[in-house]
Amino acid sequence: METPDVRAVVTGTTAEILGVDQADLHGAAALTDLPTFSSFRIVEIVERVEEELDTEVEASELTPDNLSRLDTLIALFERTLNADGVPG
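Computed from a prediction, not measured in an experiment: that's the story for all the values here. (Residues numbered from 1 in each chain as written. Predicted model: local features only at pLDDT ≥ 70, side-chain atom pairs only at ≥ 80, totals over all residues. Heavy atoms only, no water.)

1. Observations concerning the pattern of salt bridges
Across all of its chains, the model carries four salt bridges by this definition. Between Glu 61 and Arg 79 there is a salt bridge, with the nearest N and O atoms lying 3.0 Å from each other. Taken together, the residues Glu 61 in the loop between α3 (39-53) and α4 (64-67) and Arg 79 in helix α5 (residues 70-83) connect sequence positions 18 residues apart. Given the relative accessible area of 27%, Glu 61 is considered partly exposed. (Salt bridge = Lys/Arg side-chain N within 4 Å of Asp/Glu carboxyl O. Helix = DSSP H or I, 4+ residues; strand = E, 2+ residues; numbered from the N terminus. Buried < 20%, exposed > 50% of the residue type's maximum accessible area, 1.4 Å probe, protein only.)

2. Structural notes on α5
For α5, which comprises 14 residues, the first-to-last C-alpha distance of 20 Å matches the rise-based estimate of 20 Å (1.5 Å per residue) to within 8%. By the burial criterion, the buried members of α5 are Leu 70, Thr 72, Leu 73, Ile 74, Leu 76, Phe 77, Thr 80 and Leu 81. The inward-facing, buried residues of α5 contact α1 (6-18), α2 (22-27), α3 and α4. Gly 85 occupies a position one or two residues after α5 and carries a positive phi of about 90°. (Expected span 1.5 Å × (residues − 1). Contact = heavy atoms within 4.5 Å.)

3. Quick notes on unusual backbone geometry
In the Ramachandran plot, Asp 54 falls in the positive-phi region, its phi being about 55° despite a non-glycine side chain. Within the fold, Asp 54 resides in the loop between α3 and α4. According to the relative accessible area criterion, Asp 54 is exposed, its value standing at 69%.

4. Structural notes on α3
For an α-helix the count is 3.6 residues per turn, leaving residues at separations of three or four pointing the same way. With 15 residues, α3 ought to run about 21 Å at 1.5 Å a step, and its terminal C-alpha atoms sit 21 Å apart, in line with that. Looking at the residues trailing α3, positive phi occurs at Asp 54, about 55°.

5. Considerations on the packing of α1 against α3
Viewed as axis vectors pointing N to C, α1 and α3 meet at an angle of 140°, and their least axial separation amounts to 9 Å. In terms of their interaxial angle, α1 and α3 are classed as oblique. Note on packing geometry: the crossing formed by α1 with α3 is right-handed. When α1 is examined against α3, the residues Val 6, Val 9, Val 10, Thr 13, Thr 14, Glu 16, Ile 17 and Leu 18 are found in contact with a partner set consisting of Arg 41, Glu 44, Ile 45, Arg 48, Val 49, Glu 52 and Leu 53. (Axes fitted to C-alpha atoms, helices over the stretch in contact; angles between N-to-C directions. Parallel < 35°, antiparallel > 145°, perpendicular 65-115°, else oblique. Left-handed = near helix turned anticlockwise from the far one by under 90°.)

6. Section: the nonpolar core
Ranked by internal contacts, the top residues of the largest apolar core, which has 23 residues, are Val 10, Leu 25, Leu 31, Leu 73 and Phe 77. Mapped onto this core, the elements with two or more residues apiece are α1, α3 and α5. (Core = buried A, V, L, I, M, F, W, Y, C linked by side-chain atoms within 4.5 Å.)

7. Things to note about the environment of Val 57
Relative to the elements of secondary structure, Val 57 occurs in the loop between α3 and α4. Its relative accessible area of 6% is what places Val 57 among the buried residues. For the pair Val 57 and Leu 31, spaced 26 residues apart in sequence, the C-alpha separation works out to 19 Å. Not counting chain neighbours up to four residues away, the residues in contact with Val 57 comprise Glu 50, Leu 62, Leu 76, Phe 77 and Thr 80.

If you want it as structure tokens, here you go:
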């Protein structure tokens, strides 16, 4: 099985759902700073990335700290995949 590019999947999905350029994501201190961000959108992002990476994040990991910034969201999925036995 090919190792998924977690960073690319999370970044691309987040940009698409929030309707922003990837550069804007990297420039934002927090996803919550983006005008198109909402709690509904973060749920959509998590669900779509889970589907794309064929994994499921533990409910206990879905905390504001893990979901508020792009880098912590990427790290969340990397940890989840590592726990599933997929090298990150």
